[in-house]
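Each chain, written out:
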Amino acid sequence: MALKVGIVGLPNVGKSTLFNALTKAHVEASNYSFATIKPNDGVIEVPDERLDYLVSVFKPKKTVHATIEFSDMAGLAKGASSGAGLGNKFLAHIRECAMIVEVIRFFENSEVIHSEVTIDPLRDFEIINLELMMADLETLDARIAKIETKAKVSKEKDLLFELNTLKLIHQELSKGNYFYKKLLSTEQLEFAFQNLHLLSLKDLLVVANLGDNEIARLDTLKSYNDLKDYLATKGVAVIPICAKLEEDLLDFSDEEKSEFLMMNNLSLTGLENLVKTAYKSLGLATFFTVGGDECKAWTFKLGMKAPDAAAVIHTDFKRGFIKAEVYAYQDFVLFPNETKLKEQGKIRIEGKEYVVKDGDIIFFRFNVGR
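Here's what I pulled together on the structure shown here. (Residues numbered from 1 in each chain as written. Predicted model: local features only at pLDDT ≥ 70, side-chain atom pairs only at ≥ 80, totals over all residues. Heavy atoms only, no water.)

**Some remarks on the overall build of the chain**
Check the secondary structure of the chain and you find 14 helices and 12 strands. Out of the 370 residues belonging to the chain, those deemed buried represent 46%. A sequence separation of at least 24 residues applies to 69% of the contacts in the chain between residues at least 6 apart. When the accessible surface of the chain is summed, it comes to about 19,000 Å², and 52% of that surface belongs to carbon and sulfur atoms. (Helix = DSSP H or I, 4+ residues; strand = E, 2+ residues; numbered from the N terminus. Buried < 20%, exposed > 50% of the residue type's maximum accessible area, 1.4 Å probe, protein only. Contact = heavy atoms within 4.5 Å. Areas by Shrake-Rupley, 256 points an atom, 1.4 Å probe, with all protein chains shown as cover.)

Okay, here's the thing in structure tokens:
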């Protein structure tokens, strides 16, 4: 269930450097606009200390992490919504993604040109979202023009509902309100997600790409805190990263990396924080299957019931679902073998209505017959 996350931003803000660090790949990261023309895709393992612990106990022959896919997009030019830069091709690539990660440049480097000449994070954020809003307005205009007359003449309930939803979103985007989702009813939001495929409806994260001399002084960095405080009011998380430093960390030994994190009072690298935050923001969670042959992290959507989670492993598991033997990761840490878990009553038998929880360790029983 690897969902795609699109990395976007103005030209030369460090998107490809970030992607290199994420994927340990070596895509082109050049000092000119549109070095990335076609998206570069990479499937990234989701760091999970729980899986690490399970592996240390079971010592399996094979370990499989949960994954999430990242796509490095071309630089977004001002005017992309009207065809500037790579224009519509760029916007079409973003529509394929479940989440947008906007990379905003903070670092100063006279040798790396900025498309807007000066470094102004809040301005750059507004440029990106203006282009996304303009593209959405074009989509909405076309849809409204197609159904408005029919809806008003026929008075069909569904058409009138759609028209009212379209017009409400159009009105908010026209006012510059990119963060309008809270104004929609549950029914309107569900309709919009299923039918409109608007860029402004996608989950959003912001990466602040800092200089290596800035990452250690975030508390006093006004431009960073101004953007972070503004986005906090919109419910958008900001991940501070020095993409160049993260890329350099790939060559560190585990010991050197641990020492670096300790020196900077960090528990995770910026990249690990980004991957885990993106995973969680998409409403994804993890259950585990364990044993001497394999320990594996499986991705599922929060709210899934046991048969649907079983289908993540194989569709036959859902079709022939009988029951699930479940225990929580936290209980396994306290009682690290099945005998002790059973003695403590921590292994449960769950049926079809059980809602799977993040961190569950599950053994599915099924029978598909012939």
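Here the narrative resumes.
**Focus: the environment of Glu162**
Within the secondary structure layout, Glu162 lies in helix H5 (residues 157-174). Of the residues examined, Glu162 reaches a relative accessible area of 10% and is grouped as buried. Placed 29 residues apart in sequence, Glu162 and Phe191 show a C-alpha to C-alpha distance of 8.0 Å. Glu162 has contacts with Arg143, Ile147 and Phe191, leaving out every residue within four places of it along the chain. A polar atom in the side chain of Glu162 sits 2.7 Å from the side chain of Arg143. (Polar contact = N/O pair within 3.5 Å; in protein donor to acceptor, adjacent residues only side chain to side chain.)

**Some words on the environment of Ile7**
By the element assignment, Ile7 lies in strand E1 (residues 4-8). Look at Ile7 and you get buried, because its relative accessible area is 0%. Ile7 has contacts with Lys15, Leu18, Phe19, Leu22, Phe70, Ser71, Asp72, Met73, Val101 and Val103, leaving out every residue within four places of it along the chain.

**Side note on the pattern of salt bridges**
Applying the stated criterion across every chain yields a total of 20 salt bridges. In this structure, the salt-bridge partner of Glu353 is Lys305, at a minimum N-O distance of 2.5 Å. Taken together, the residues span a long stretch of sequence, with Glu353 in the loop between strand E11 (348-350) and strand E12 (360-366) and Lys305 in the loop between strand E9 (294-301) and helix H11 (306-313) at a distance of 48 residues. According to the relative accessible area criterion, Lys305 is partly exposed, its value standing at 32%. Between Arg348 and Glu350 there is a salt bridge whose closest N-O contact spans 2.9 Å. Using a relative accessible area of 18% as the deciding quantity, one classes Glu350 as buried. In this structure, a network of salt bridges that share partners links the residues Asp48, Arg50 and Asp358. (Salt bridge = Lys/Arg side-chain N within 4 Å of Asp/Glu carboxyl O.)

**Digging into the nonpolar core**
Ranked by internal contacts, the top residues of the largest apolar core, which has 83 residues, are Leu18, Leu22, Ile68, Phe70, Ile169 and Leu274. Non-local contacts of Leu22, meaning those with residues more than four positions away in its chain, are made with Ile7, Ile44, Phe70, Leu271, Leu274 and Val275. Counting residues in hydrophobic clusters, the runner-up holds 16 residues, among them Phe300, Ala309, Val326 and Val356. (Core = buried A, V, L, I, M, F, W, Y, C linked by side-chain atoms within 4.5 Å.)

**Here we look at the side chain of Thr165**
Among the secondary structure elements, Thr165 is positioned in helix H5. Of the residues examined, Thr165 reaches a relative accessible area of 0% and is grouped as buried. Once residues within four sequence positions are removed from consideration, Thr165 is found in contact with Gln188 and Phe191.

**Quick look at the pairing of E1**
Taking burial as the measure, the 5 residues of E1 include 5 buried ones, the bulk of the element. On E1, burial covers both faces: Lys4, Gly6 and Val8 on one face and Val5 and Ile7 on the other are all buried. With 4 bridges connecting them, E1 and strand E4 (residues 67-72) associate as parallel partners. Pairing of Val5 across the sheet is with Phe70, part of E4. Inspection of the sheet shows E1 paired to strand E5 (residues 99-105) by 4 bridges, in the parallel sense. In the sheet register, Ile7 faces E5, and the bridge partner there is Val101. (Pairing = 2+ DSSP bridges.)

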